[in-house]
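Each chain, letter by letter, is given below.
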Amino acid sequence: MGLFDDEYYGGSGKRRGFSERSPRRGRRSSGGYESNGRRSGGTRAVAFSAILASLLTALLLSGLFAGFVLPRMNTTAISAGSNPYDRIVQAAAAVRPAVVSIVSHRTAGDTSPDNAALGSGVIFQKEGGKAYVITNHHVVAGAEELQAVLVDGTSLTAKLVGSDVITDVAVLEIDSAKVAAVAQIGDSDTLDLGETVIALGNPLGLGDTLTSGIVSYPKRVMPVSLNEDGVYDWEQQVIQTDAAINEGNSGGALVDLDGRLIGINTMKIASTGVEGIGFAIPINQVMNAAEELLTTGKITRPYLGVYSLDLNNPYSPMDEDQVEELKLPSEVEKGVVVLESLGPAKDAGIQLNDVIVGFDNQSIDSTLMLRKYLYGYKKIGEKMKISYYRDGKKQTATVTLSERPEATQ
């Protein structure tokens, strides 16, 4: 099919007024000029008019084509045919000045490399002579002094505004006088599987490093050990990517091809035979945490006050003798064993070796479920019914939840 799908421009080769042979002029009959002479003159007039009309129509359509169709065709061609590597270069150039290296000094005044941990951060806000940097909680945890190093090598003293172990998000404050750029925030909820992304940060102390890859999975749920004791007691929703993420990339930027920040790099799977599996916290979650940290310096959550062990934890199984001491009915195979009771739980009468099996009308099978119920459905000051077993008998208690102490964050 041609560009114009109609009879007039269809290329049939036959147009009325052009296929007739022109008669010769001056042929006379006995009565004067023959009638076909008059027809010849009329035919030429019709032919001329048709040609003129065709030219005018062609000019008009060519103007419309040039004015409206071509620009759209050119735009489509540029967009579809543009080099994806050029887009990576452009995206990196846009966000690169907003990415910083973070140096965490464990002892104040000691700037030796042996006493420092390295990470990355992203400048996300600039206001009133101050700029604010997002990074990971684990990058700044335990630091007595913090420095943020800009892309041009300028080192600035950083102040911790607030940090949260659950979300693994921290916010730092620096002087904005030499800050040249702020990252543009994207929308992590719109990410697609296979979308190209780039990671920027300070891996192994090699600052201003860029790697690229794809979104391997946009909403992966990973188990996390908050106390780093090998027991998974939380779940983190993350963006999985095969962009190279190494030690020191934590807290750095994961960016789409439009140069928008869509995640904060947080961890990778480091194991023999594993390659190209890294994770970033979705920026929508990060910004919710960052805004609360900016406002209050912390994220408040309800606190129950129990240290626990899962009854059937496959990573840290209980001995048979320990299970027998609990005197549980044979049908009870899941629950949370209390190792220590503090605060609200202690006030409600919860003791060592009690086995919690429910909150309100919700079954509680593990410490992970305990935390998810508390943080997702309860508020500070609310009352909550606890169902538990003690010496083989099921009992209940009512606890009034308090604010989680900072020392146990």
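Residues numbered from 1 in each chain as written. Predicted model: local features only at pLDDT ≥ 70, side-chain atom pairs only at ≥ 80, totals over all residues. Heavy atoms only, no water.

All right, on to the nonpolar core then. Counting residues in hydrophobic clusters, the biggest one holds 44 residues, and the most contacted among them are Ile102, Ile123, Ile174 and Leu261. Beyond its immediate chain neighbours, meaning those up to four positions away, Ile174 contacts Ile123, Gly129, Lys130, Ala131, Val133, Ala148, Leu156, Thr157, Ala158 and Val179. Counting 25 residues, the second largest nonpolar core, distinct from the first, contains Val224, Leu370, Leu374 and Ala397. (Core = buried A, V, L, I, M, F, W, Y, C linked by side-chain atoms within 4.5 Å. Buried < 20%, exposed > 50% of the residue type's maximum accessible area, 1.4 Å probe, protein only. Contact = heavy atoms within 4.5 Å.)

On the surface, a cluster of negative charge is made up of Asp319, Glu320, Asp321, Glu324 and Glu325. Assignment of secondary structure puts Glu324 in helix 5 (residues 320-326). Residue classification places Glu324 among the exposed positions, given a relative accessible area of 57%. (Patch = residues over 30% accessible without salt bridge, like charges linked within 9 Å, V, L, I, M, F, W, Y side chains within 5 Å. Areas by Shrake-Rupley, 256 points an atom, 1.4 Å probe, with all protein chains shown as cover. Salt bridge = Lys/Arg side-chain N within 4 Å of Asp/Glu carboxyl O. Lys, Arg positive; Asp, Glu negative; His and termini not counted. Charge placed at Lys NZ, Arg CZ, Asp CG, Glu CD. Helix = DSSP H or I, 4+ residues; strand = E, 2+ residues; numbered from the N terminus.)

With that out of the way, let us pick up the packing of aromatic side chains. Inspection of every chain in the model, using the stated rule, returns three aromatic pairs. What links up through ring pairs into an aromatic cluster is the set Phe359, Tyr373 and Tyr377. Arg220 extends its terminal NZ or CZ atom over the ring of Tyr217, reaching a point 4.0 Å from the ring centre. Stacked on the ring of Tyr375, the Lys or Arg Arg301 has its end atom at 5.4 Å from the ring centre. (Phe/Tyr/Trp six-rings, centres within 6.5 Å; stacked < 30°, edge-to-face > 60°. Lys NZ or Arg CZ within 6 Å of the ring centre and 35° of its normal.)

We now examine helix 4 (residues 283-296). Helix length check: helix 4 (14 residues) gives 20 Å between terminal C-alpha atoms against 20 Å at 1.5 Å per residue, within 8%. Within helix 4 the residues assigned to the buried category are Ile283, Val286, Met287, Ala289, Ala290 and Leu293. When helix 4 is viewed along its axis, its buried side chains cluster within an angular range of 165° and face the same direction. Residues of helix 4 that are exposed and point more than 90 degrees away from the buried face comprise Asn288 and Thr295. Where helix 4 ends, the next residue or the one after it, Gly297, has phi of about 80°, a positive value. (Expected span 1.5 Å × (residues − 1). Arc of directions from axis to C-beta.)

Turning to its location among the elements, Glu127 is positioned in strand 4 (residues 116-127). When the C-alpha atoms of Glu127 and Ser176 are compared, they prove to be 8.0 Å apart, with 49 residues separating the residues in sequence.

We now examine the environment of Tyr303. Structurally, the position occupied by Tyr303 is in strand 16 (residues 302-303). Expressed as a C-alpha distance, the spacing of Tyr303 and Gly381, which sit 78 residues apart in the sequence, is 9.5 Å.

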